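# An overview of the molecular structure
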Amino acid sequence: MAVNIQFSQSYFWLDSWVLANIIQLATQNFTSIFLDSRIDPGHRLKDQMDMAARSGVANIAEGSARHSTSIETEMRLLDVARASFDELQGDFFNFLMRLKANVWAMGDPDREVIWQTRLDPPRYSNSHLHDAAKHILAQKSKFDQWLECNNPAVVANAMLVLLMKENRMLHQQIHSRLEEFKQAGGFSENMTRERIETLKTKATADGAPMCPNCGKPMLKRLQKRGQRQGKEFWGCSDYPKCTGTRHIYDC
């Protein structure tokens, strides 16, 4: 697989990023309206919930932007986003318990409608920021009858469902990246492959000898230990699969 540096804002097309923005907007609205001084006298809970929502969005964006250069880093950041949303889910769950409100069960009509509602695929022009903002707000409107309800228990329950949807998306995204890494390797591995292929092409053009074991082009290498330490020798370009060598003076 060749090294391919992708557009750094490719996350704009991810449903997980779009839904994360919906969750952040809804969380900011919820904490501003329903976390009054009686429930949150020092505004600490508001700050924590707003920051957890922001962390989810930011880590999806940063992780996906690193896809081309480090799938491992991408997976780690996506997992941080998932943990942030888990924390936020716990805050909404606790809010419902403090109200002694009903937590929607499986099969609840509102819960099922929200769970089954799908996001539309984005259709962006060259104005990505402009179009993304319109798209996110349009997708949020699918859930506004719950998210902008005057009943805080309804809003909190709707957020629990959206957060479960988000975590399901992130779990699938992380699993997909892991499978991709298994099949194609990461940036470092592909950079090494590119470098070796370039060296093979150059060696062939420069008339380097062929490996006596497998017949592939040989590359000049430096002996790192032993009696010939510091001396150049020919080594197979397919090392470590092939360990064929030649002395320079043999050729």
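Note that the structure is predicted; figures quoted are calculated from it, not measured. (Residues numbered from 1 in each chain as written. Predicted model: local features only at pLDDT ≥ 70, side-chain atom pairs only at ≥ 80, totals over all residues. Heavy atoms only, no water.)

### Points about helix α3 (residues 71-98)
Under the 1.5 Å per step criterion, the end-to-end length of α3 is 41 Å for 28 residues, consistent within 8% with the ideal 40 Å. Looking one or two residues beyond α3, the residue adopting positive phi is K100, at roughly 55°. (Helix = DSSP H or I, 4+ residues; strand = E, 2+ residues; numbered from the N terminus. Expected span 1.5 Å × (residues − 1).)

### Some points on the pattern of salt bridges
Once their charged atoms are close, side chains differing in charge can pair, the charge on each being opposite to the other. In the structure shown here, the tally under the stated rule is six salt bridges. Put simply, K46 and D50 hold a salt bridge, and the shortest N to O gap is 3.0 Å. On the criterion of helical spacing, the pair formed by K46 and D50 is a turn pair, its members being four residues apart in helix α2 (residues 44-65). A relative accessible area of 15% means that D50 is categorised as buried. Each member of the salt-bridge network shares a partner with another, and the members are K140, D144 and E148. (Salt bridge = Lys/Arg side-chain N within 4 Å of Asp/Glu carboxyl O. Buried < 20%, exposed > 50% of the residue type's maximum accessible area, 1.4 Å probe, protein only.)

### Thoughts on helix α5 (residues 128-140)
Helix length check: α5 (13 residues) gives 18 Å between terminal C-alpha atoms against 18 Å at 1.5 Å per residue, within 8%. Among all positions in α5, only D131, A132, H135, I136, Q139 and K140 are buried. One side of α5 carries all its buried residues, which in axial view fall inside an arc of 165°. Set apart from the buried face of α5 by more than 90 degrees, the exposed residues are K134 and L137. The inward-facing, buried residues of α5 abut α1 (15-34) and α6 (144-147). (Arc of directions from axis to C-beta. Contact = heavy atoms within 4.5 Å.)

### Some remarks on the packing of aromatic side chains
Using the criterion set out here, one finds eight aromatic pairs in the structure. With a centroid separation of 4.7 Å and 10° between ring planes, the pair formed by F12 and W17 is classed as stacked. Here the two residues F12 and W17 agree in accessibility, since each one is buried. Their ring planes at 70° and their centres at 5.0 Å tell us that W13 and Y124 sit as a pair that is edge-to-face. With W13 in the segment before α1 and Y124 in the loop between α4 (109-116) and α5, the pair connects residues that are 111 residues apart, well separated along the chain. (Phe/Tyr/Trp six-rings, centres within 6.5 Å; stacked < 30°, edge-to-face > 60°.)

In short, shape yes, function no, at least from these values alone.
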